[in-house]
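# Understanding the architecture of this molecule
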Amino acid sequence: MTLTGEYEPSPEQWVRDQVAEFESSDGQRANVLPGTEDKIVVITSRGANSGKLRKNPVMRVERDGTYVAIASKGGADDNPTWYYNFVAHPEVDLQDGAEKHTYRARLVSGEERADWWDLAVRTWATYGEYQKKTDREIPVFVLERV
């Protein structure tokens, strides 16, 4: 993993707690969405404005070593903060269990987005419910290993 700098924990307590437990156990604990058995990964990005490192648990959606990050924010009408981090600084670090690597995040559209979106909804059906809650097209980032 290549990102270095000052880490600024999330303002959300549950995110801080999950990331801390996940990292301290090398991905063996806190590796599911709270209250489910659905796997997550932790993505480290550089803040679009602050430049500080930010860490977010996101659903594990992967195919052939390529990951997808869905900027759903639970179906809210605006994007999660990390969306802007990915756009401004597309190099991110991703930890899946004990595996840690650097990836380049790329916002996708058209048929490519549709293909990855279908995989995301098959992996975690709640994404489809989130899309119904908002008029915005939920952004999809493909994360390819550097």
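Above this text you will find the structure in question.
The rules behind these values
Residues numbered from 1 in each chain as written. Predicted model: local features only at pLDDT ≥ 70, side-chain atom pairs only at ≥ 80, totals over all residues. Heavy atoms only, no water. Helix = DSSP H or I, 4+ residues; strand = E, 2+ residues; numbered from the N terminus. Rg over C-alpha atoms; globule rule 2.2 N^0.38 Å. Buried < 20%, exposed > 50% of the residue type's maximum accessible area, 1.4 Å probe, protein only. Contact = heavy atoms within 4.5 Å. Areas by Shrake-Rupley, 256 points an atom, 1.4 Å probe, with all protein chains shown as cover. Lys, Arg positive; Asp, Glu negative; His and termini not counted. Charge placed at Lys NZ, Arg CZ, Asp CG, Glu CD. Salt bridge = Lys/Arg side-chain N within 4 Å of Asp/Glu carboxyl O. Pairing = 2+ DSSP bridges. Expected span 1.5 Å × (residues − 1). Arc of directions from axis to C-beta. Polar contact = N/O pair within 3.5 Å; in protein donor to acceptor, adjacent residues only side chain to side chain.

## Digging into the overall build of the chain
Secondary structure assignment for the chain yields four helices and seven strands. Of the regular secondary structure in the chain, the N- to C-terminal order runs α-β-β-β-β-α-β-β-α-α-β. Its C-alpha atoms give the chain a radius of gyration of 14 Å, near enough to 15 Å, the size a compact globule of 146 residues would have. The C-alpha extent of the chain, read off along each of the three principal axes, is 35 × 30 × 30 Å. Here the chain, with 146 residues, has 45% of them falling under the buried criterion. The long-range fraction of contacts in the chain, counting pairs at least 24 apart against all pairs at least 6 apart in sequence, stands at 65%. Within the structure as shown, the chain displays about 7700 Å² of accessible surface, and the carbon and sulfur contribution to it stands at 46%. Distance between charge centroids for the chain: 2 Å, based on 19 positive and 25 negative side chains.

## Some points on the pattern of salt bridges
Going through the model one piece at a time under the given rule, you end up with 15 salt bridges. Linking Asp96 and Arg60 is a salt bridge whose minimum nitrogen-to-oxygen distance equals 2.7 Å. Taken together, the residues span a long stretch of sequence, with Asp96 in strand E5 (residues 91-96) and Arg60 in the loop between strand E2 (53-59) and strand E3 (62-63) at a distance of 36 residues. What makes Asp96 buried here is its relative accessible area of 17%.

## With respect to the pairing of strand E7 (residues 140-145)
For strand E4 (residues 66-70) and E7, the ladder comprises four bridges, and the chain directions are antiparallel. What sits directly across from Ala69, in E7, is Phe141. When strand E6 (residues 99-108) meets E7, the two strands line up antiparallel, connected through six bridges. Each bridged residue has a counterpart across the sheet, and for Arg106 the counterpart in E7 is Val142.

## Re helix H1 (residues 13-24)
Residues spaced three or four apart along an α-helix point in a common direction, a consequence of the helix completing one turn every 3.6 residues. Here H1 contains twelve residues, and its C-alpha end-to-end distance of 16 Å stays within 8% of the 16 Å for a straight helix at 1.5 Å per residue. When H1 is considered as a whole, its buried residues turn out to be Val15, Gln18, Val19 and Phe22. Angular distribution of buried residues about the axis of H1 spans 95°; they occupy a single face of the element. Looking at the buried positions of H1, the neighbouring elements they touch are strand E1 (40-46), E2 and E5. The first or second residue beyond H1 is Asp26, which carries a positive phi of 55°.

## Observations regarding the side chain of Asp93
Structurally, Asp93 can be placed in strand E5. We note that Asp93 is buried and unpaired, the nearest opposite charge coming from Arg46 at a distance of 7.6 Å. In this structure the side chain of Asp93 is engaged in a polar contact, spanning 3.3 Å, whose partner is the backbone nitrogen of Thr2. The residues contacting Asp93, other than those within four sequence positions of it, are Met1, Thr2, Leu3, Val42, Ile43, Thr44, His101 and Thr102.

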